[in-house]
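What the coordinates show
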Amino acid sequence: MRRYLPGIIAMAAIVVASNILVQFLFGQWLTWGAFTYPLAFLVTDLTNRFHGAAAARRVVFAGFLTGVACSLIGTQITGMSGPLVTLRVALASGTAFLTAQMLDVAIFAALRRRSWWQAPLVSTLFGSMVDTVLFFTIAFSARLAMIDPGADIAWANEVLPLLGVGPGVPLWVSLALADWMVKLALALLALVPFRMIIARFGRHFRTA
């Protein structure tokens, strides 16, 4: 357990930071949390590389429990338009995180014997895509209003040009696309610290 305790701590810190920073806007389509949350995939992949898939799943589950705790706290804090975290957002967040991270673990494990960059890049790309689709669809799609009929999602379904320049779509689609684009960019950038950390510490750990 102590071997991958740093991964658990890092994952918990990222989840907490992202839950806080998601309350603050960055431009028109993003929040600051969009730049911290993708680091969770880096932590998962490093744990997978150093300690294997089973350890990575434990780190993911620790992050999931941290996210649940953050959601529970958020439901008790009232903002200008109601609770900071609604049932839909809490369900979307937990479902997206657990599904996407577990997919990341599985893909990484399947590709771990290939070139060093393939496993982290491919697993993160697929994981981040699933994460974005699940979260924004569950949290804001009008078709899933039955999940939490009392939640106000009218603002997210206002039809506006896609990212301000494209065809008319519900606002949440633009938010999802912007979020996914950030995840893609960070997936590429994360290859640099991944490679550096593996080169520095890889010889000290089991990689099978």
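Residues numbered from 1 in each chain as written. Predicted model: local features only at pLDDT ≥ 70, side-chain atom pairs only at ≥ 80, totals over all residues. Heavy atoms only, no water.

**What to know about empty space enclosed by the protein**
Basically, it comes down to this: Method remark: on a 1 Å grid restricted to protein atoms, a set of points is classed as a cavity if a 1.4 Å probe fits but cannot get out and as a pocket if it is open with protein on both sides within 12 Å along at least five of seven lines; lining residues have an atom within 4 Å of a point. Grid points are joined across faces, edges and corners, and a volume is the space filled by probe spheres set on the points. Note on conventions: DSSP H or I runs of at least 4 residues are helices, E runs of at least 2 residues are strands, and numbering of each starts at the N terminus. Under this grouping Gly is polar, as are all residues other than the nonpolar Ala, Val, Leu, Ile, Met, Phe, Trp, Tyr, Cys and Pro and the charged Asp, Glu, Lys and Arg.
Counted according to the given criterion, the structure contains 1 cavity of 30 Å³ or more. In this structure, the largest cavity encloses a volume near 110 Å³. Counting only elements with at least two residues in the lining of the largest cavity, the list comes to α3 (39–51), α6 (118–140), α7 (171–189) and α8 (191–201). The dominant element in the lining of the largest cavity, judged by the number of residues it contributes, is α3, at 4 residues. Among the residues making up the lining of the largest cavity, the classes are represented as 11 nonpolar, 1 polar and 2 charged.

**Topic: the environment of His51**
For the record, the criterion: Exposure categories follow from relative accessible area, calculated using a 1.4 Å probe and restricted to protein chains: below 20% of the type maximum is buried, above 50% is exposed, and the middle band is partly exposed. Distance and chemistry together define a polar contact, namely a pair of N or O atoms within 3.5 Å, with one atom able to donate a hydrogen and the other to accept it when in protein, and with adjacent residues in sequence counting only for side-chain atoms on both sides.
With respect to the secondary-structure elements, His51 resides in helix α3. Given a relative accessible area of 6%, His51 falls into the buried group. For the pair His51 and Gln118, spaced 67 residues apart in the sequence, the C-alpha separation amounts to 18 Å. In this structure the side chain of His51 is engaged in a polar contact, spanning 3.2 Å, whose partner is the backbone oxygen of Arg3.

**Regarding the packing of α6 against α7**
Cut-off, in case you're wondering: Axes, fitted as lines to C-alpha atoms, cover a helix only where it is in contact. Angles between the N-to-C directions of the axes lie from 0 to 180 degrees. The scheme is simple: roughly parallel for angles under 35 degrees, roughly antiparallel for over 145, roughly perpendicular for 65 to 115, oblique for anything else. Take the far helix as the reference: if the near one is turned anticlockwise from it by less than a right angle, the crossing is left-handed, and if turned clockwise, right-handed. Whether two residues are in contact is decided by their heavy atoms, any of which lying within 4.5 Å being enough.
Two elements in contact, α6 and α7, have axes separated by 10 Å at closest approach and are oriented at 160°. In terms of axis orientation, α6 runs roughly antiparallel to α7. Crossing angle aside, the handedness with which α6 passes α7 is right-handed. From α6, Leu121, Thr124, Leu125, Ser128, Met129, Asp131, Thr132, Phe136, Thr137 and Phe140 reach across to α7, where they touch Trp172, Leu175, Ala176, Asp179, Trp180, Lys183, Leu184, Ala187 and Leu188. In terms of residue class, the contact of α6 with α7 is made up of 12 nonpolar, 4 polar and 3 charged.

**Let's talk about helix α1 (residues 5–21)**
Formally: What a helix is expected to span follows from its residue count: subtract one and scale by 1.5 Å. Along the arc lie the directions from the helix axis toward the C-beta atoms.
For α1, built from 17 residues, the straight-helix expectation of 24 Å at 1.5 Å per residue is met to within 8% by its first-to-last C-alpha distance of 24 Å. Within α1, burial applies to Gly7, Ile8, Met11, Ile14, Val15 and Ser18. Mapping the buried residues of α1 onto a view down its axis gives an arc of 130°, with all of them on the same face. Across from the buried face of α1, at angles greater than 90 degrees, the exposed residues are Pro6 and Ile9. Looking at the packing, one finds that the buried side of α1 touches α2 (33–36), α3, α4 (53–75) and α5 (87–111).

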